[in-house]
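Residue strings, one per chain:
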Amino acid sequence: MGLDELHARISDKTAQLGVIGMGYVGLPVACVFAKAGLSVLGVDIDPQRIDKIAAGVSPIEGDEPGLAELLSEVVKTGGLRVTTDYEEVRACDVVTISVETPVDADHRPAYRALGSALRSLGPVMKPGVLVIVESTLAPGTMMSLVKPVLEDASGKRAGEHFYLGHCPERVMPGRLLNNLRFVSRVCGGETPEVTAAMISLYCHVVQADLDPADCVTAELVKTAENAYRDVNIAFANEVALICEAVGGDVWKVRDLVNKSPGRNMLLPGAGVGGHCIPKDPWLLVSRAQEQGVPIRLIPAAREINDTMPLHMAKLLDQALAEVGTAIDNARILVMGYTYLENSDDTRNSPSTVLVEALRQRGTEVVIHDPYVAEYQGELVEMAMGCDAAVMMVAHEVYRAVDFEELRSALRSPVLVDGRHAIPSLTGWVHRTIGQSFTP
Ligand code: SAJ
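Residues numbered from 1 in each chain as written. Predicted model: local features only at pLDDT ≥ 70, side-chain atom pairs only at ≥ 80, totals over all residues. Heavy atoms only, no water.

Novice: Quick one: what's the story with the overall build of the chain, residue by residue and with numbers?
Specialist: Within the chain, the regular secondary structure consists of 15 helices and 13 strands. In terms of overall size, the chain behaves like a compact globule, its C-alpha atoms giving a radius of gyration of 24 Å where 439 residues would be expected to give roughly 22 Å. Overall, the chain is about 75 × 50 × 40 Å in size when its C-alpha atoms are taken along their principal axes. Across the 439 residues that make up the chain, the buried fraction comes to 54%. Here the analysis covers contacts within the chain between residues at least 6 apart in sequence; of these, 72% occur between residues at least 24 apart. If you sum the accessible surface of the chain, you get close to 18600 Å²; carbon and sulfur atoms cover 52% of it. (Helix = DSSP H or I, 4+ residues; strand = E, 2+ residues; numbered from the N terminus. Rg over C-alpha atoms; globule rule 2.2 N^0.38 Å. Buried < 20%, exposed > 50% of the residue type's maximum accessible area, 1.4 Å probe, protein only. Contact = heavy atoms within 4.5 Å. Areas by Shrake-Rupley, 256 points an atom, 1.4 Å probe, with all protein chains shown as cover.)

Novice: Quick one: what's the story with the domain arrangement of the chain, residue by residue and with numbers?
Specialist: Quite often, the size of an interface is put as the accessible area lost when its parts meet. Entries for the chain in the domain assignment read domain 1 (3–214) and domain 2 (247–439). Listed as interface residues are 16 residues of domain 1 and, on the opposing side, 11 residues of domain 2. Between domain 1 and domain 2, the buried area comes to about 1200 Å², and carbon and sulfur atoms account for 62% of it. Among the residues of domain 1 in contact with domain 2, His107, Pro139 and Pro173 are the three that bury the most area, contributing 36% of the side total. At the boundary of domain 1 with domain 2, the tally comes to zero salt bridges. For the pair domain 1 and domain 2, the interface holds three residue pairs in polar contact (both at pLDDT 80 or more). Taken together, the residues of the side of domain 1 that touches domain 2 sort by class into nine nonpolar, six polar and one charged. (Domains from an automatic or database assignment. Buried area = accessible area lost by both parts, 1.4 Å probe. Salt bridge = Lys/Arg side-chain N within 4 Å of Asp/Glu carboxyl O. Polar contact = N/O pair within 3.5 Å; in protein donor to acceptor, adjacent residues only side chain to side chain. Nonpolar A, V, L, I, M, F, W, Y, C, P; charged D, E, K, R; others polar.)

Novice: A description of the site of the ligand should follow, citing residues and the corresponding values.
Specialist: In the vicinity of the ligand there are 21 residues, among which Arg175, Asn226, Arg229, Leu267 and Tyr339 approach most closely. Side-chain polar atom of arginine 175 to an oxygen atom of the ligand: 2.8 Å apart, as the coordinates give it. Relative to its unbound accessible surface of 740 Å², the ligand loses 89% to contact with the protein. Class assignment for the residues of the shell around the ligand results in 11 nonpolar, four polar and six charged. Residues from two domains meet in the shell around the ligand; each of domain 1 (3–214) and domain 2 (247–439) gives at least three. (Near = heavy atom within 4 Å.)

Okay, structure coming up:
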């Protein structure tokens, strides 16, 4: 099928869509396109996940408004079918790929999942198929990896027998459907004609700008927008360290800085976690670094943010010293183990860094998190016998804690607040990140 015919079938929704990867990106994508009237085939290698979806049950934990109901509806109507069998992808005219694209311990892109998906897709690609990668990619990946692997696995040539595009996802946990529908997307086609076909596809579900671009621009935009956020968080964290050293209060400083036109200082805190921000900056810089370009700011920001959990251990050490307790044989209550408030997602959580650092010093750690099954419990009970509490995640429920009860449970009234989530307390040794410590 030629691109013009494919474009027409996309426009009139007779094109069949395959979505590879039924995770927190692919599953909502499959649901919204099915809801829009396309016939959608969801593909995943995890049979349990596929069975759950086929039963109309969402495998995604956490609060995702509207997703469970939408999934149940489109499975019931038959708009969405799911399978583990790539053979069924032969019928698809368009295929999106949403699999994880992490970095390894050396901060280099780790494309195992992407490579596996491409090698499985290649042999079953329908002639004239449009393949769109939605996973976040290091600039240059579409042309240096996706294209050659697909051509090799299919024996077909891109631009002639199939078409390639990159439309990076912009979903956020807790707002998956909202973002899919109302956040603009960059449509990076290998050619302008492919870009036009991509825009015709996404306009069925996206009620925001669909910005035409080429592949490398789309790769650069997504990784740069997250590196931008990481660098700005690092700036806030470094100002916090300065305030602690010179007798300032970063939270007041931030409020007043942001009254200056064109300023938007982000929030300092106990660290930067999640599935995007810690790794996308490394994707952005990877190719340039390989070519010897001196990239300094973005790696430095990563290093600042990665050390914030260790700074929390330092604040704890100082606070415990005020009550004559050595951190090495103390018992510490860590409040919050997820990477983000009011979420159950623990990926790359700063708390794991703090807990590991404390345990390496022989410190006993008790972890509480209302969103993580193994760490749920009655907070005050878990505080019994602890020498101090450390707030790592500003879960809403923590604002309702009875601090007098908590204080009576602790061996000493020591609290270190990594998110400025707790108002000032009297009678406590209360240390907040970014505030100078006046014992
Ligand atoms: N964080 C700070 N200070 C801040 C903001 C965040 O320390 O001012 C920390 C958070 O505690 C968390 C980490 O950074 O540990 C990441 O938080 P995030 O608010 O950036 O949330 P994410 O990781 O879900 O980021 C996603 C990104 N979306 C995509 O990649 C598609 C990001 O681009 C969005 O800006 C972000 O959601 C958002 O705004 O919610």
